[in-house]
Structures are given as structure tokens and as C-alpha cells.
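An overview of the molecular structure
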Amino acid sequence: MELQTKRLFRWFWPWQDEQEEAWLSHLAGERGLHLVSLAPPGIYTFAIGEPRAMVYRLDYQYLKGQDRPSYLQLFRDAGWEHVGQMSNWQYFRRPVVEGEENEIFTDPASKAEKYRRVLPLLVLISILLGAQLRSSLYSRWPSTGLEVTRFLLFSVLMLLIYSIVRIGLRIRQLSPG
Amino acid sequence: MTDKALRYLPLTEATYYILLALVEPLHGYGVMQKVEQISQGAVRLGPGTLYGAFTTLEKQGLIVMVSEQERRKSYALTPFGRRVLLAQIDRLQVMARRGSAVAASLKAAGTE
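Calculation criteria
- Residues numbered from 1 in each chain as written.
- Chains lettered and ligands numbered in written order.
- Predicted model: local features only at pLDDT ≥ 70, side-chain atom pairs only at ≥ 80, totals over all residues.
- Heavy atoms only, no water.
- Core = buried A, V, L, I, M, F, W, Y, C linked by side-chain atoms within 4.5 Å.
- Buried < 20%, exposed > 50% of the residue type's maximum accessible area, 1.4 Å probe, protein only.
- Helix = DSSP H or I, 4+ residues; strand = E, 2+ residues; numbered from the N terminus.
- 1 Å grid on protein atoms, 1.4 Å probe; cavity = no way out; pocket = protein on both sides within 12 Å on 5 of 7 lines; lining within 4 Å.
- Points joined across faces, edges and corners; volume = space filled by probe spheres on them.
- Nonpolar A, V, L, I, M, F, W, Y, C, P; charged D, E, K, R; others polar.
- Pairing = 2+ DSSP bridges.
- Axes fitted to C-alpha atoms, helices over the stretch in contact; angles between N-to-C directions.
- pLDDT = per-residue confidence, 0-100.
- Parallel < 35°, antiparallel > 145°, perpendicular 65-115°, else oblique.
- Left-handed = near helix turned anticlockwise from the far one by under 90°.
- Contact = heavy atoms within 4.5 Å.
- Buried area = accessible area lost by both parts, 1.4 Å probe.
- Salt bridge = Lys/Arg side-chain N within 4 Å of Asp/Glu carboxyl O.
- Polar contact = N/O pair within 3.5 Å; in protein donor to acceptor, adjacent residues only side chain to side chain.

This part takes up the nonpolar core. In globular proteins that are soluble, nonpolar side chains generally tend to be buried together. Of all hydrophobic cores here, the largest spans 40 residues; its most connected members are Ile18(B), Leu22(B), Val31(B) and Leu45(B). Elements supplying a minimum of two residues to this core: α2 (68-77) of chain A together with α1 (13-21), α2 (28-38), α3 (47-60), β3 (72-77) and α4 (79-110) of chain B. Of all the elements, α1(B) adds the most residues to this core, at six residues. Formed by 30 residues, the second largest nonpolar core is a distinct cluster that contains Tyr91(A), Ala112(A), Tyr115(A) and Leu129(A).

Dropping the structure here:
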């Protein structure tokens, strides 16, 4: 029997990882859509099958080639299946079993660390966009195309800064004191 | 007091148990099982938490990778890691001693 697949597109901002986990669990449990692969910027391919209660969890790790096998083995030993990755987000899942641990992060400190790993890239992209926007403001040849570019740069920059603030607040919430 | 070991205190409960487990070389899954056992089921380590801890502790020089077999890396305490662990245990003992003295008097007062 050939595997029936379905493709969905959905965009998530970096501070929406828990919503994304819930969305994937919902699709698996209610509609029998089980994630097969991912591709940027948000293309999700699912196998169509029987509904099954699954937990999805996202880690954020930039994995160097030599670290990858041992990282994936550790999760496998703990009962997690690695489904794929999108940029540096690592997607894991396991069937829901009564009394079994459903979290990959079991204390607030390590969860805060995950969000700290997300920040540097967002800050870097913001700085690059900011520099680009700044140089576009000093362009001596005004045109409609330039206006549109400026507007787009500005919008994306605002959303990135909003993401950084949201993630910063999450880190603070998870930190003691 | 300029002991560098004190800078790492207090350890989180997870980190404390990871260091306790690594008095002998163990790979990740071994650490998970041992920590659950020696904490009497109170501390369960998720793989995300453990992987992050290995990375951080190795960078700080508290643990070192001693072998890698079938994609499983084994770690053990360094001499510096042992000092940090001992310093934490000393603190916990003070906490526990003071705590049990107070607990005893609270219980005595509570039964009056």
C-alpha cells in the first residue's frame, strides 16, 4: 500500500514553539496526521494514518557533524523519535504513555537555556536587517520599489524584535528570583 | 575565600545529581537511570536537560568525555568537578543539619 501524504504550510515565530508542539500533537491525535518531514520556511509533510496520541517536543540545537549521532542516540535511548529539523529546531515525538515522562526538559533552568540558545541568531539577523534599513534610508534615488523594500525591512525587523522580547520574557519567567 | 569551585554553587538539583552519578564513568542513558534511582524517583532527567547539562559542564571543566561507544558518549568527573561537588555537599550538610534541628523543635511545639 502506498503511503498517503498531506502537505501543510504554517508559519511559527520562534517564541511559538509550544503552540507548534500542541498543533502537531493535535493533528496526530485528532486527524491521524503524523509528521514525516519538514522544510523551511514551514512546509510540513504528514503521513495519513490512524489517530494516535503523540507528544511532540522541540529542542533548539546547532549540531556540529560529530555531535549529531550522540545527541540523537541520547534522545532515542530515552524513548524519543527524531522526526526532523528545521533551521536549528529539532523535532522529537513519542507516543503518550500513562506514567511516562512527556518532557524533554525536566527543570526550568534547562528550559531557559534552550531559549538562550535561540537568541543570538535572532539578534544577529536583526542587526543585519537594521543596517540594511539604515542604508536604504540614505539612498539618494527614491523610488516606489525602495519604499516597498523599506516597509518590508521595517516590518520584519519589528517582528524579530518582538520575538526577541517574547523570548527574553520567557527566559525571565523560567529563571529563579 | 577565593576558591573557584564556590563560583558554581548552588548547583541545581538536576546538576547535583548528574555530578553524583558521574563519580564513575557513565553514558547519558546510564546517568538518567542512576539519577532516578539514587534520588528515589524524585528527579527524572529529560534528554534535553541532560544533553544541555553535559555541554555546559564539559565547557566549565567539571566533567570530561572518557569514551564513545556506539554513538554513546561516557563522561566522568574531573578533579575540579570533584571539588565543586564536595563543596556543594558541605553546604547541603549545613542546610540539612540546621533544618533538622528546626524541624525537631517545630514538631515538638506542634504536639503540645
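Before going further, it helps to examine the layout of surface pockets. Residues and elements named next belong to chain A. Estimates place the volume of the second largest pocket at around 530 Å³. Those elements that place two or more of their residues in the lining of the second largest pocket are α1 (17-31), β4 (54-60), β6 (89-95), α3 (108-137) and α4 (144-174). By residue number, the principal contributor to the lining of the second largest pocket is α3, which donates four residues. Each residue belonging to the lining of the second largest pocket can be placed in one class, and the counts come to 18 nonpolar, two polar and two charged.

With that out of the way, let us pick up the sheet that holds β4(A). The strands making up a sheet are joined through hydrogen bonds of the backbone, oriented either antiparallel or parallel. Residue and element names in this part refer to chain A. What the three strands build is an open sheet, ordered β4-β6-β5; its pairing is antiparallel. Among the strands making up the open sheet, the edge pair consists of β4 and β5 (81-86). Strand-to-strand twist of the sheet, defined as the mean angle between neighbouring strand axes without regard to direction, takes the value 25 degrees. Pairing between β5 and β6: five bridges, direction antiparallel. By the bridge assignment, Gly 84 is partnered in β6 with Tyr 91.

A few words on unusual backbone geometry. Across the junction of Pro40(A) and Pro41(A), the peptide omega takes the value 5 degrees, indicating a cis bond. For Pro41(A), the position within the fold is in the loop between β2 (33-39) and β3 (43-48). Following Leu9(B), the chain continues to Pro10(B) via a peptide bond in cis, the omega torsion being -10 degrees. Among the secondary structure elements, Pro10(B) is positioned in the segment before α1.

Attention now moves to the sheet that holds β3(B). All names here are of chain B. Pairing is antiparallel across the open sheet formed by three strands, whose spatial order is β1-β3-β2. Looking at strand neighbours, the two that pair on one side only are β1 (26-27) and β2 (63-69), the edges of this open sheet. Where β1 meets β3, two bridges bridge the pair, whose relative direction is antiparallel. For Leu 26, the partnering residue across the bridge sits in β3 and is Tyr 75.

Attention shifts here to the confidence of the model for chain B. Chain-level pLDDT for chain B is 94 on average; 96% of the residues reach the 70-or-more range. Predicted complex, confidence summary: ipTM 0.89, pTM 0.90.

The subject of this paragraph is the packing of α1(B) against α4(B). All names here are of chain B. The geometry of α1 relative to α4 is characterised by a closest axis approach of 11 Å and an angle of 125 degrees between their N-to-C directions. Judged by the inter-axis angle, α1 sits oblique to α4. In this structure, α1 meets α4 at a crossing whose hand is left-handed. When α1 is examined against α4, the residues Tyr 16, Leu 19 and Leu 20 are found in contact with a partner set consisting of Leu 85, Gln 88, Ile 89 and Leu 92.

Turning our attention to the interface of chain A and chain B. On the chain B side, the residues contacting the 24 residues of chain A number 18 residues. Interface of chain A and chain B: buried area, both sides summed, is about 1,700 Å²; carbon and sulfur atoms make up 56% of it. Taking the shortest distance from any N to any O, the salt bridge between Glu101(A) and Arg44(B) comes out at 3.9 Å. Here chain A is connected to chain B by 10 residue pairs in polar contact (both at pLDDT 80 or more).

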